[in-house]
There are 2 protein chains.
Amino acid sequence: MNDEAFMREALKEAKKAFAKDEVPIGAVLVLDGKIIARGHNQVELLQDATAHAEMLCLTAGAGALSNWRLADTTLYCTLEPCCMCAGAILNSRVKRLVWGAPDLRVGVNGSWIDLFKNVHPIHNLEITPRILEAESAELMRTFFQKQREKKECLNT
Amino acid sequence: MNDEAFMREALKEAKKAFAKDEVPIGAVLVLDGKIIARGHNQVELLQDATAHAEMLCLTAGAGALSNWRLADTTLYCTLEPCCMCAGAILNSRVKRLVWGAPDLRVGVNGSWIDLFKNVHPIHNLEITPRILEAESAELMRTFFQKQREKKECLNT
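Notes on the structure in this doc start here. (Residues numbered from 1 in each chain as written. Chains lettered and ligands numbered in written order. Predicted model: local features only at pLDDT ≥ 70, side-chain atom pairs only at ≥ 80, totals over all residues. Heavy atoms only, no water.)

Overview of the nonpolar core
Alright, step 1. Among the nonpolar cores identified, the biggest contains 67 residues, and Leu75(A), Leu115(A), Leu75(B) and Leu115(B) are the most heavily contacted of them.
Alright, step 2. In contact with Leu75(B), not counting residues within four places along its chain, are Ala27(B), Val28(B), Leu29(B), Glu54(B), Cys57(B), Leu58(B), Ile89(B), Val94(B), Arg96(B), Leu97(B) and Val98(B). (Core = buried A, V, L, I, M, F, W, Y, C linked by side-chain atoms within 4.5 Å. Buried < 20%, exposed > 50% of the residue type's maximum accessible area, 1.4 Å probe, protein only. Contact = heavy atoms within 4.5 Å.)

Notes on the relation of the copies chain A and chain B
Alright, step 1. Superposing chain A onto chain B takes a rotation of 180° combined with a translation of 0.0 Å along the rotation axis, leaving an RMSD of 0.0 Å. Taken together, the turn and the small shift mark the pair as related by a two-fold rotation axis. Taking the C-alpha atom as reference, chain A places Met84(A) closest to the rotation axis, 2.0 Å from it.
Alright, step 2. A high fraction, 100%, of the interface residues of chain A reappear at the interface in chain B, so the copies pair face to face through one surface. (Least-squares fit on C-alpha atoms with pLDDT ≥ 70 in both.)

A few points about the interface of chain A and chain B
Reports of interface size often rely on the accessible area that becomes lost once the parts have come together.
Alright, step 1. Each side of the interface is counted separately: chain A has 32 residues, and chain B has 32 residues.
Alright, step 2. Interface area lost by chain A to chain B is led by Gln47(A), Trp68(A) and Trp112(A), which between them contribute 23%.
Alright, step 3. Applying the counting rule to chain A against chain B returns 0 salt bridges.
Alright, step 4. Linking chain A with chain B are 10 residue pairs in polar contact (both at pLDDT 80 or more).
Alright, step 5. If you list the elements that add at least two residues to the side of chain A that touches chain B, you get α2 (43-46), α3 (53-65) and α4 (83-91) of chain A.
Alright, step 6. Grouping the amino acids of the side of chain A that touches chain B by side-chain chemistry returns 17 nonpolar, 11 polar and 4 charged. (Buried area = accessible area lost by both parts, 1.4 Å probe. Salt bridge = Lys/Arg side-chain N within 4 Å of Asp/Glu carboxyl O. Polar contact = N/O pair within 3.5 Å; in protein donor to acceptor, adjacent residues only side chain to side chain. Helix = DSSP H or I, 4+ residues; strand = E, 2+ residues; numbered from the N terminus. Nonpolar A, V, L, I, M, F, W, Y, C, P; charged D, E, K, R; others polar.)

Section: the pattern of salt bridges
Residue and element names in this part refer to chain B.
Alright, step 1. If you walk through the whole model with that rule in mind, you get 18 salt bridges over all chains.
Alright, step 2. Between Lys 12 and Glu 9 there is a salt bridge; the shortest N-O distance is 3.0 Å. Of this pair, Lys 12 and Glu 9 both sit in helix α1 (residues 3-19), 3 residues apart, which is roughly one turn of that helix.
Alright, step 3. For Glu 9, a relative accessible area of 13% translates into the label buried.
Alright, step 4. Its salt-bridge partner being Asp 21, residue Lys 150 comes within 2.8 Å of it at the nearest N-O pair.

Considerations on helix α4 (residues 83-91) of chain B
An α-helix turns once per 3.6 residues; consequently, residues spaced three or four apart project the same way.
All names here are of chain B.
Alright, step 1. Burial analysis of α4 places 9 of its 9 residues in the buried class, the great majority of the element.
Alright, step 2. Three or more residues of α4 are buried, namely Cys 83, Met 84, Cys 85, Ala 86, Gly 87, Ala 88, Ile 89, Leu 90 and Asn 91.
Alright, step 3. Positioned one or two residues after α4, Arg 93 has a phi angle of 65°, which is positive.

So, the pairing of strand β4 (residues 96-101) of chain B
Residues and elements named next belong to chain B.
Alright, step 1. Counted residue by residue, β4 has 6 buried out of 6 residues, so it is predominantly covered.
Alright, step 2. Summarising the sheet, strand β3 (residues 74-79) and β4 pair through 5 bridges and their orientation is parallel. Considered in β4, the bridge of Thr 74 is made with Arg 96.
Alright, step 3. Following the backbone out of β3, through α4 and into the adjacent parallel β4, one traces a crossover that is right-handed.
Alright, step 4. By the bridge criterion, 3 bridges tie β4 to strand β5 (residues 126-128) in an arrangement that is parallel. Each residue of the ladder has a partner; that of Val 98, found in β5, is Thr 128. (Pairing = 2+ DSSP bridges. Right-handed = clockwise from strand over helix to strand, strands pointing away.)

What about the sheet that holds β5(B)?
Residue and element names in this part refer to chain B.
Alright, step 1. Read from one edge to the other, the open sheet built from 5 strands follows the order β2-β1-β3-β4-β5, with strand pairing classed as mixed. Each edge of the open sheet is held by one strand with a lone partner, namely β2 (34-40) and β5. The sheet shows a mean angle of 20° between the axes of neighbouring strands, direction not considered.
Alright, step 2. Across 4 bridges, strand β1 (residues 26-31) lies against β3 in antiparallel orientation. Within the sheet, the bridge partner assigned to Leu 29 lies in β3 and is Leu 75. (Axes fitted to C-alpha atoms, helices over the stretch in contact; angles between N-to-C directions.)

Focus on the side chain of Glu22(A)
All names here are of chain A.
Alright, step 1. With respect to the helices, strands and loops of the structure, Glu 22 is situated in the loop between α1 (3-19) and β1 (26-31).
Alright, step 2. Of the side chains with opposite charge, Lys 20 comes closest to the buried, unpaired Glu 22, at an N-O distance of 7.5 Å.
Alright, step 3. Here the side chain of Glu 22 touches Glu 44 through a polar contact of 3.0 Å, landing on its backbone nitrogen.
Alright, step 4. Discounting chain neighbours no more than four positions away, the residues touching Glu 22 are Ala 17, Asn 41, Gln 42, Val 43, Glu 44, Leu 45 and Phe 143. (Lys, Arg positive; Asp, Glu negative; His and termini not counted.)

Quick notes on the sheet that holds β1(A)
Residues and elements named next belong to chain A.
Alright, step 1. Spatial ordering of the open sheet is given by β2-β1-β3-β4-β5, a layout of 5 strands whose pairing is mixed. Each end of this open sheet is capped by a strand with a single partner; those strands are β2 (34-40) and β5 (126-128). When strand polarity is set aside, the average angle formed by the axes of neighbouring strands in this sheet is 20°.

In structure tokens:
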């Protein structure tokens, strides 16, 4: 499987979040060409600001490997990571990060700030941005459009 | 209770981590002058790179309030936060952050980078650094000294 195929799996996770009325973001963790963990955003369901797709996926991946060091893994996520998720990716020693659409508000790979321009003293990673960008961005747009319509419906 | 008194409670948490052979970092979350959640580093025990003291404390705090938005709370942590924890603190809408000793390698409030110099588009917070700095730093030094002695003992 190539990057697009794995990102389609991350998009499947994002759609699970969408179906639960969560901001539709998904992630999969890959080792040796196989998906070893999946995650989708569950902040509202779990009432936990740390329950981003990437975080849940990293925790599940560490569980699968019985090791918090996720050496040689690639994380695919549908959105440019926020500061928390980028930090967790660094802390987990993920080898490579592939993301889909930019998060123009709080993304830290060029949108809000470019965290990765700073050489990290412990770990640095390869990054491939904007894989299946249009699909991820469209899913986000559809979600927020529906949220607005719901609000308008409640206000009339 | 003042900042020093709450930091002493965070230090108690750090000592729990120390007793479990974890890097001794602790945190408490305070609302209206009361501690509503506690956490200590458990990365090795849980084999989860996201299980920093601050993260576990924020998740516990959200559980206590049944709300991921930790409005009007103050987080006390014994060490300058890493990128992941700083991001989680922002995501959680913590009002104020008080930390103890600088983390000269990966701290993001001036040590590795100064994340908070960038105005965040959603949330910004008050920060009070270096409360009971000497106590927190000494606990870390003692821990790493013991770790080195263990390694030397194994190597002889």
